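A closer look at the structure
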Amino acid sequence: MSQSSSVLVTGGAGYIVIELLNDNQQVVIVDNLVNASYEAIRRIEQITGKKVTFYKVDILDKKALLQVFRQHPDISSVIHFAGLKAVGESTQIPLDYYYNNITGTISLLQAMKEVGVKDIVFSSSATVYGDPPIIPIPETCPIGSTNPYGRTKQFVESVIRDLCTANKDWNAALLRYFNPAGAHPSGLLGENPLGIPNNLMPYLSQVAIGKREFLSVYGSDYPTKDGTAIRDYINVVDLSRGHLAALKKLADKPGCVEYNLGTGHGSTVLEMVHAFSKAVGRDLPYQLVDRRPGDVTNLTANPSKANKELNWKAQVDLEETCASLWNWQSKNPNGLEDCPGDAPPESVINYL
Ligand code: UFG
């Protein structure tokens with residue numbers, strides 16, 4: 001990628017922007033800030049020592065998106081993260097999920113088409129595999145998600161694939177994430193779920209800081225070594241580097257390609273509890289309870305396609321991932337909160 005081109009990141013006030021800036025890429029961010037804060041932007045600038053170009057824009061607003069593209073004619077590719085992302089919530093408010101994730105992506109793709117930007121990296125999810133018959137899971141495994149959130153990812157994959165089939169000058173990398181875990185090693189950037197966390201690691205870290213009494217371990221009768229379910233926990237910085245590698249791959253004009261971003265190593269819930277307890281320095285309380293509806297036994301990636309074709313491999317081990325999460329959580333017990341009345345950082349342009 002030439003130095004004169006920029007990458008548009010949607011929903012991107014996070015780790016990937018840090019990796020892009022560290023790689024000396026020019027970055028333009030659009031985010032509606034529903035799930036992010038101005039403070040995240042300040043922290044990104046603090047970590048990288050660089051200013052970001054940030055537009056407060058909802059991708060459903062195609063007119064505003066077009067204004068951003070026209071303001072930055074050097075944008076030559078898009079990394080698309082924007083979307084709603086809670087599996088449980090998606091079963092309660094499916095229309096919101098289908099509208100935001102599918103209609104939002106179509107609005108983005110239409111804007112890209114209008115300005116002639118044809119390279120996209122899309123954040124998909126391992127949840128598209130449903131309950132996979134093959135472990136570790138190759139990209140060729142049949143897909144079929146079991147919840148509305150997963151189906152939005154699956155449908156968007158199809159929309160992008162069809163677009164690339166119809167127009168040979170479009171290129172796309174569909175990145176199927178396994179379970180993102182950990183935080184930025186600086187301790188300045190991490191996850192801060194609103195309300196009660198749904199996911200294992202954020203919940204466990206709130207147990208560690210005393211916000212929650214104990215972890216409920218969902219299911220101890222799975223056919224695994226300790227009876228708890230297996231997932232492939234991938235460090236957030238490794239995951240971000242996977243995006244950078246995928247973006248570079250698009251320069252080869254590969255058409256539409258899918259990649260698993262995982263470590264290839266599965267861990268049970270109890271193994272994660274023990275690994276995180278070790279990082280914290282004391283045993284964290286948990287109780288074995290019934291399975292959570294919709295959970296599957298094992299989601300472990302076969303990452304060899306990404307290893308080979310993207311020249312990318314997850315490098316951070318579980319110990320370091322758990323240490324980074326604890327570093328972040330203990331330094332920021334309330335996450336990244338904007339102080340009331342705080343002015344947005346200078347780099348923010350409000351198009352909402
Ligand atoms: N778990 C618990 N207790 C909790 C939370 C989770 O035991 O309080 C267990 C779950 O039952 C599961 C494992 O920990 O066995 C991981 O659960 P998460 O909720 O952290 O993650 P999921 O695997 O359910 O889902 C995540 C993302 C999805 C994504 C999927 C892809 O939330 O967006 O990974 O694998 F699609």
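Shown above is the structure to which this text applies.
Cut-off values and rules
- Residues numbered from 1 in each chain as written.
- Predicted model: local features only at pLDDT ≥ 70, side-chain atom pairs only at ≥ 80, totals over all residues.
- Heavy atoms only, no water.
- Near = heavy atom within 4 Å.
- Polar contact = N/O pair within 3.5 Å; in protein donor to acceptor, adjacent residues only side chain to side chain.
- Helix = DSSP H or I, 4+ residues; strand = E, 2+ residues; numbered from the N terminus.
- Nonpolar A, V, L, I, M, F, W, Y, C, P; charged D, E, K, R; others polar.
- Pairing = 2+ DSSP bridges.
- Axes fitted to C-alpha atoms, helices over the stretch in contact; angles between N-to-C directions.
- Contact = heavy atoms within 4.5 Å.
- Core = buried A, V, L, I, M, F, W, Y, C linked by side-chain atoms within 4.5 Å.
- Buried < 20%, exposed > 50% of the residue type's maximum accessible area, 1.4 Å probe, protein only.
- Disulfide = S-S within 2.5 Å.
- Lys, Arg positive; Asp, Glu negative; His and termini not counted.
- Salt bridge = Lys/Arg side-chain N within 4 Å of Asp/Glu carboxyl O.
- Parallel < 35°, antiparallel > 145°, perpendicular 65-115°, else oblique.
- Left-handed = near helix turned anticlockwise from the far one by under 90°.

Quick look at the site of the ligand now. Surrounding the ligand, one finds 20 residues, the nearest of these being Ser-125, Leu-200, Ser-216, Arg-231 and Asp-295. A distance of 2.9 Å is found between an oxygen atom of the ligand and a side-chain nitrogen or oxygen belonging to Arg-292. Residue Asp-295 places a side-chain N or O atom 2.5 Å away from an oxygen atom belonging to the ligand. Top contributing element to the shell around the ligand by residue count: strand S8 (residues 215-218), with 4 residues. Across the shell around the ligand, the residue classes tally to 10 nonpolar, 6 polar and 4 charged.

So, on to the sheet that holds strand S3 (residues 53-56). The strands making up a sheet associate through backbone hydrogen bonding, with each pair oriented either parallel or antiparallel. Spatial strand order, S11-S6-S5-S4-S1-S2-S3-S15: 8 strands in an open sheet with parallel pairing. Single-partner strands in this sheet number two, and they are strand S11 (256-261) and strand S15 (348-350). Each adjacent strand pair in this sheet contributes to an overall mean axis angle of 20°, direction not counted. Of the pairings in the sheet, the one linking strand S4 (residues 75-80) to strand S5 (residues 119-125) comprises 3 bridges and is parallel in character. Across the sheet, the residue bridging to Val-78 is Ile-120, located in S5. Most of the contacts of helix H6 (residues 148-166) go to S5, to which it runs at about 155°, and overall it touches S5, strand S6 (171-177) and S11. Sheet strands in contact with helix H8 (residues 236-249) are strand S1 (6-10), S4, S5, S6 and S11, and its direction is about 160° off that of S6.

Moving on, we come to the nonpolar core. In this structure, Val-9, Val-17, Ile-79, Met-201 and Phe-276 are the most contacted members of the largest nonpolar core, which totals 64 residues. Setting aside residues up to four positions removed in sequence, Val-17 forms contacts with Val-9, Gly-12, Val-27, Ile-29, Ile-44 and Val-52. The next biggest cluster of nonpolar side chains, apart from the first, holds 29 residues, and it includes Val-30, Leu-109, Met-112 and Val-156.

Turning our eyes to something else, we now look at the state of the cysteines. Two cysteines, two sulfur atoms, one covalent bond between them: this is a disulfide. Scanning the model with the defined rule gives 0 disulfides in all. In this structure Cys-164 is a free cysteine whose sulfur lies 4.6 Å from that of Cys-256, the closest cysteine sulfur available.

Our next topic: the side chain of Asp-31. Checked against the element boundaries, Asp-31 lands in strand S2 (residues 26-31). Of the side chains with opposite charge, Lys-56 lies nearest to the buried Asp-31, which makes no salt bridge, at 9.1 Å. If sequence neighbours within four positions are ignored, Asp-31 has contacts with Gly-11, Gly-12, Ala-13, Ala-36, Phe-54, Tyr-55, Lys-56 and Val-57.

All chains considered together, the criterion is met by 17 salt bridges. We note a salt bridge from Arg-161 to Glu-258, for which the minimum N-O separation is 3.1 Å. A residue pair is termed long-range when its members are at least 10 positions apart, and Arg-161 in helix H6 and Glu-258 in strand S11 qualify at 97 residues. Residue Arg-161 is classed as partly exposed on the basis of its relative accessible area, which comes to 25%.

In this section: the packing of helix H7 (residues 200-208) against helix H11 (residues 318-331). Two elements in contact, H7 and H11, have axes whose closest approach is 10 Å; the angle formed by their N-to-C orientations is 55°. Between H7 and H11, the angle is such that the two are oblique. Read as a crossing pair, H7 and H11 show a hand that is right-handed. The segment H7 lies against H11, with Met-201, Ser-205, Gln-206 and Ala-208 engaging Cys-322, Leu-325, Trp-326 and Gln-329.

For the rest of this paragraph, the subject is the environment of Ser-277. With respect to the element layout, Ser-277 can be found in helix H9 (residues 269-280). Accessibility expressed as a relative area gives 5% for Ser-277, which makes it buried. Sequence separation between Ser-277 and Pro-136 is 141 residues; the distance between their C-alpha atoms is 27 Å. Excluding its chain neighbours within four sequence positions, the residues that come into contact with Ser-277 are Arg-282, Asp-283 and Leu-284.

Attention shifts here to unusual backbone geometry. Residue Pro-136 is reached from Ile-135 by a cis peptide bond, and omega for that bond is -5°. Looking at the secondary structure, you find Pro-136 in the loop between S5 and H6. One non-glycine residue with positive phi stands out, namely Asn-24, at about 60°. Looking at where Asn-24 falls in the secondary structure, it is placed in the loop between helix H1 (15-22) and S2. We note that Asn-311 has phi near 55°; this positive angle belongs to a residue other than glycine. Since its relative accessible area comes to 71%, Asn-311 is described here as exposed.

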